[in-house]
Amino acid sequence: ESIRLVVLNWTGFTGGVEGIADIPRPDLFGFSFSSSASFYYLCLAIFLITLGIMFVTWQSRIGDLFRAIHSSEKLAAASGISPFAYRMEAWLMCCFFAGIAGGLGASHIRFTGPGEFVPLKSMYPLAHIIIGGQASPFAPLIGTTLMMLVSTVTMDIGGAPDWFEPLIYGLVLV
């Protein structure tokens, strides 16, 4: 609650209840990604780099440690692995990539505000992970793809009420 109040009242930084409008598209190394096609290719490149980092991490010693902790936290701790430290590392990696995705998303729609972050929307990534599974870092991509298809289909239904998409998400999860 305190974070929400800070976001709503710190108008100089967050724009308050009105949010931040006219967010520019990124400029990198003198190249502007102002067109839709160039912005798409930027997002695709960042996505592929992210997949590459995830693959390298999964194949590395750190990936082995992540899998050991996932299989048996107690056994991993008995082997000298600090589950807390590696869970924190995984969490920080997720936050890093989520920040990049959030920045690209805000740049794409050119607006961000408190109405964009309702509690129900924060449950969608969890649903993507549940649907795809946790067997590998690529399994949630399957869940995300499936749930984005569901979301697209529900948006295409003309005149559907606001509660329709969460209902479909719930039915798919059950």
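Just above sits the structure.
This text gives an overview of the structure that appears in the document. (Residues numbered from 1 in each chain as written. Predicted model: local features only at pLDDT ≥ 70, side-chain atom pairs only at ≥ 80, totals over all residues. Heavy atoms only, no water.)

**Observations concerning the overall build of the protein**
Right, so step 1: Within the protein one finds 10 helices and 4 strands.
Right, so step 2: Overall, the protein shows an N-to-C arrangement of helices and strands of α-α-β-β-β-α-α-α-α-β-α-α-α-α.
Right, so step 3: Structurally, the protein occupies a C-alpha span of about 50 × 45 × 40 Å along its principal axes.
Right, so step 4: Looking at the 174 residues of the protein, the share that counts as buried comes to 22%. (Helix = DSSP H or I, 4+ residues; strand = E, 2+ residues; numbered from the N terminus. Buried < 20%, exposed > 50% of the residue type's maximum accessible area, 1.4 Å probe, protein only.)

**What about the nonpolar core?**
Right, so step 1: Counting residues in each nonpolar core, the largest one holds 6 residues, listed as Leu65, Phe66, Ile69, Ala76, Ile81 and Tyr86.
Right, so step 2: A per-element tally of this core places helix α4 (residues 61–71) first, with 3 residues.
Right, so step 3: When sequence neighbours within four positions are dropped, the list of residues in contact with isoleucine 69 reads Ala76, Ile81, Ser82, Pro83, Tyr86 and Arg87. (Core = buried A, V, L, I, M, F, W, Y, C linked by side-chain atoms within 4.5 Å. Contact = heavy atoms within 4.5 Å.)

**As for the environment of phenylalanine 55**
Right, so step 1: Note on placement: phenylalanine 55 falls in helix α3 (residues 36–59).
Right, so step 2: When the C-alpha positions of phenylalanine 55 and phenylalanine 111 are compared, they lie 32 Å apart, and in sequence the two are 56 residues distant.

**Concerning unusual backbone geometry**
Right, so step 1: At aspartate 22, a position not held by glycine, the phi torsion is positive, near 55 degrees.
Right, so step 2: Position of aspartate 22 among the secondary structure elements: in the loop between β1 (20–21) and β2 (27–28).
Right, so step 3: The residue arginine 110 is not glycine, and still its phi comes out positive at about 65 degrees.
Right, so step 4: Counting through the fold element by element, arginine 110 comes out in the loop between α6 (83–109) and β4 (111–112).

**Things to note about the environment of isoleucine 109**
Right, so step 1: Mapped onto the fold, isoleucine 109 is located in helix α6.
Right, so step 2: In this structure, the C-alpha to C-alpha distance between isoleucine 109 and isoleucine 23, residues 86 residues apart in sequence, is 8.1 Å.

**A word on α4**
Right, so step 1: Those residues of α4 lying buried are Gly63, Leu65, Phe66 and Ile69. The buried residues of α4 all sit within an arc of 160 degrees when viewed along its axis, so they share a single face. Away from the buried face of α4 by more than 90 degrees, exposed residues Arg61 and Ser71 are located.
Right, so step 2: The N-terminus of α4 is capped by serine 60, whose side-chain oxygen sits 3.3 Å from the backbone nitrogen of isoleucine 62. (Arc of directions from axis to C-beta. Polar contact = N/O pair within 3.5 Å; in protein donor to acceptor, adjacent residues only side chain to side chain.)

**Some words on the packing of aromatic side chains**
Right, so step 1: Per the counting criterion, the structure on display carries 4 aromatic pairs.
Right, so step 2: Pairing phenylalanine 66 with tyrosine 86 gives two aromatic rings, centres 6.5 Å apart and planes at 75 degrees, and the pair type is edge-to-face. Pair noted here: phenylalanine 66 is in helix α4 and tyrosine 86 is in helix α6, with a separation of 20 residues, a long-range link. Summarising the burial analysis for this pair, phenylalanine 66 and tyrosine 86 share the class buried.
Right, so step 3: Lying over the aromatic face of phenylalanine 39, arginine 25 brings its terminal NZ or CZ to 4.4 Å of the ring centre.
Right, so step 4: Seen from the ring of tryptophan 58, arginine 67 lies directly overhead, with NZ or CZ sitting 4.4 Å from the centre. (Phe/Tyr/Trp six-rings, centres within 6.5 Å; stacked < 30°, edge-to-face > 60°. Lys NZ or Arg CZ within 6 Å of the ring centre and 35° of its normal.)

**Details of a nonpolar patch on the surface**
Right, so step 1: Where nonpolar side chains cluster on the molecular surface, the patch consists of Tyr40, Tyr41, Leu44, Phe47 and Leu48 and spans about 520 Å² of accessible area.
Right, so step 2: In this fold, tyrosine 40 is placed in helix α3. (Patch = residues over 30% accessible without salt bridge, like charges linked within 9 Å, V, L, I, M, F, W, Y side chains within 5 Å. Areas by Shrake-Rupley, 256 points an atom, 1.4 Å probe, with all protein chains shown as cover. Salt bridge = Lys/Arg side-chain N within 4 Å of Asp/Glu carboxyl O.)

Take it as geometry only, folks, not as evidence of what the structure does.
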